[in-house]
Amino acid sequence: MTYENLLVEVKDRIIFLTINRPKALNALNVQTLTEIRHFFSAGYQDHDDFHGVILTGAGDRAFVAGADIKEFLAVAEDGNGETMAQRGHEIFFLIERFHRPVIALVNGFALGGGCELAMACHLRVATENASFGQPEVNLGIIPGYGGTQRLNQYIGKGKATELILTGDRIDAQEAHRLGLVNYVLPQEEAREKAVELLRVIGSKGPIAIQQSIRAINAYYDGKEGYAAEAAAFGAVTKTEDFREGASAFVEKRIANFRGK
Ligand code: CAA
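- The name given to the protein in an unreviewed UniProt entry is Enoyl-CoA hydratase, with the source organism recorded as Neolewinella litorea.
- In its Sequence similarities (unreviewed entry) section, the UniProt record describing the protein reads: "Belongs to the enoyl-CoA hydratase/isomerase family."

Shown next, in the form of structure tokens:
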């Protein structure tokens, strides 16, 4: 598969995977998600000759600013929000269950689906300008790519509930304090730290690494939460509030929600 929105660069046994839609702040449209699915399934599933993957966003403003809201409006027309969330879950599970470590190098906004993507990676190294949040309620929807499940896992129910219900953004230092990111560093150092982590992990037994990933994931393997999120996401994408919220974003105005 030829990638339109992913850049793949291999250097010293490390794969740099860059989401390359900087004009849309690397928002995840269907094409990009399809390419990510391909990379983490067909692309590199059977190869062992690399230490791991560093996943980042192109440009200096965003890791990923979420699902592509403009494309997303079509979901309301099709009424397939639940399927959309389930597909996202499947793709993000491929990352979470990947046999080599995947490090999110979070170099700017990690919002909505972007925060969810970073959380599906095994480790997160943030640059000082990074910020995190689940702002879906501003659009009249909820997180749909695992945010209601994984944010709890990293930062606990209380703070996760606050962030999801308020849609507030936190900066990299706060994300570090809460345990959402492993390191916060200036840009160049952050990249070097991600490389160093993969080199250290790459010096260990690959089977031990793979089985560690498997065992850590097993603790969180309950499927009900993700199914509940997909069903709830399907429900909210059918509302007038979602059309209003997404239209307001596109039209750059404040949304007027009416609870319908
Ligand atoms: N989808 C599509 N386009 C997006 C986008 C997104 N998620 N985020 C930003 N863009 C686009 C903007 O529309 C804009 O394009 P134009 O130049 O064509 O108008 C461009 O990227 C630059 O963005 P802004 O002009 O908005 O830049 P800013 O500096 O003023 O604001 C921002 C930056 C705070 C990140 C703001 O862009 C923003 O709030 N983005 C949306 C964040 C969001 O709500 N994410 C959640 C999406 S829903 C989701 O992800 C659901 C899920 O869980 C599956």
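Past the structure itself, the notes keep going.
### Considerations on the confidence of the model for the protein
Here comes step 1: Averaged over every residue, the pLDDT of the protein is 95; the share at 70 or more is 97%.
Here comes step 2: Prediction confidence for the complex, expressed as pTM and ipTM, is 0.97 and 0.98 respectively.

### Quick word on the sheet that holds strand 4 (residues 62-64)
Here comes step 1: Strand order in the open sheet made by the 4 strands is 4-6-8-9, with mixed pairing throughout. The sheet is open, and its two borders are formed by strand 4 and strand 9 (169-171), each paired with just one other strand. Strand-to-strand twist across the sheet, computed as the mean angle between neighbouring axes with direction ignored, equals 20°.

### A few points about helix 3 (residues 81-96)
Because each turn of an α-helix spans 3.6 residues, side chains separated by three or four positions in sequence point in the same direction.
Here comes step 1: Between its terminal C-alpha atoms helix 3 stretches 22 Å, which fits the 22 Å expected from 16 residues at 1.5 Å a residue.
Here comes step 2: Of all the residues in helix 3, the buried ones are Gly81, Met84, Ala85, Gly88, His89, Ile91, Phe92, Phe93, Ile95 and Glu96.

### Here's the deal with the sheet that holds strand 7 (residues 123-127)
Strands in a sheet are paired, the pairing made by backbone hydrogen bonds, and the direction either parallel or antiparallel.
Here comes step 1: Across the sheet, which stays open at both edges, the 6 strands sit in the order 1-2-3-5-7-10 with mixed pairing between neighbours. Lying at the two open borders of the sheet, with one neighbouring strand each, are strand 1 (6-11) and strand 10 (183-185). Direction aside, neighbouring strands of the sheet carry axes that sit 20° apart on average.
Here comes step 2: Across 6 bridges, strand 2 (residues 14-19) lies against strand 3 (residues 52-57) in parallel orientation. Note on strand 3: the bridge partner recorded for isoleucine 14 is glycine 52.
Here comes step 3: In this fold helix 8 (residues 187-202) packs onto strand 2, strand 3, strand 5 (102-106), strand 7 and strand 10, with an angle of close to 160° to the strand it touches most, strand 7.

### Considering a nonpolar patch on the surface
Here comes step 1: On the surface, Ile216, Tyr219 and Tyr220 cluster together into a nonpolar patch covering about 380 Å² of accessible area.
Here comes step 2: Structurally, tyrosine 220 can be placed in the loop between helix 9 (206-218) and helix 10 (224-236).
Here comes step 3: What makes tyrosine 220 partly exposed here is its relative accessible area of 36%.

Reading the values: rules and limits
- Residues numbered from 1 in each chain as written.
- Predicted model: local features only at pLDDT ≥ 70, side-chain atom pairs only at ≥ 80, totals over all residues.
- Heavy atoms only, no water.
- UniProt positions renumbered as here; feature names shortened; annotations may be inferred.
- pLDDT = per-residue confidence, 0-100.
- Pairing = 2+ DSSP bridges.
- Helix = DSSP H or I, 4+ residues; strand = E, 2+ residues; numbered from the N terminus.
- Axes fitted to C-alpha atoms, helices over the stretch in contact; angles between N-to-C directions.
- Expected span 1.5 Å × (residues − 1).
- Buried < 20%, exposed > 50% of the residue type's maximum accessible area, 1.4 Å probe, protein only.
- Contact = heavy atoms within 4.5 Å.
- Patch = residues over 30% accessible without salt bridge, like charges linked within 9 Å, V, L, I, M, F, W, Y side chains within 5 Å.
- Areas by Shrake-Rupley, 256 points an atom, 1.4 Å probe, with all protein chains shown as cover.
- Salt bridge = Lys/Arg side-chain N within 4 Å of Asp/Glu carboxyl O.

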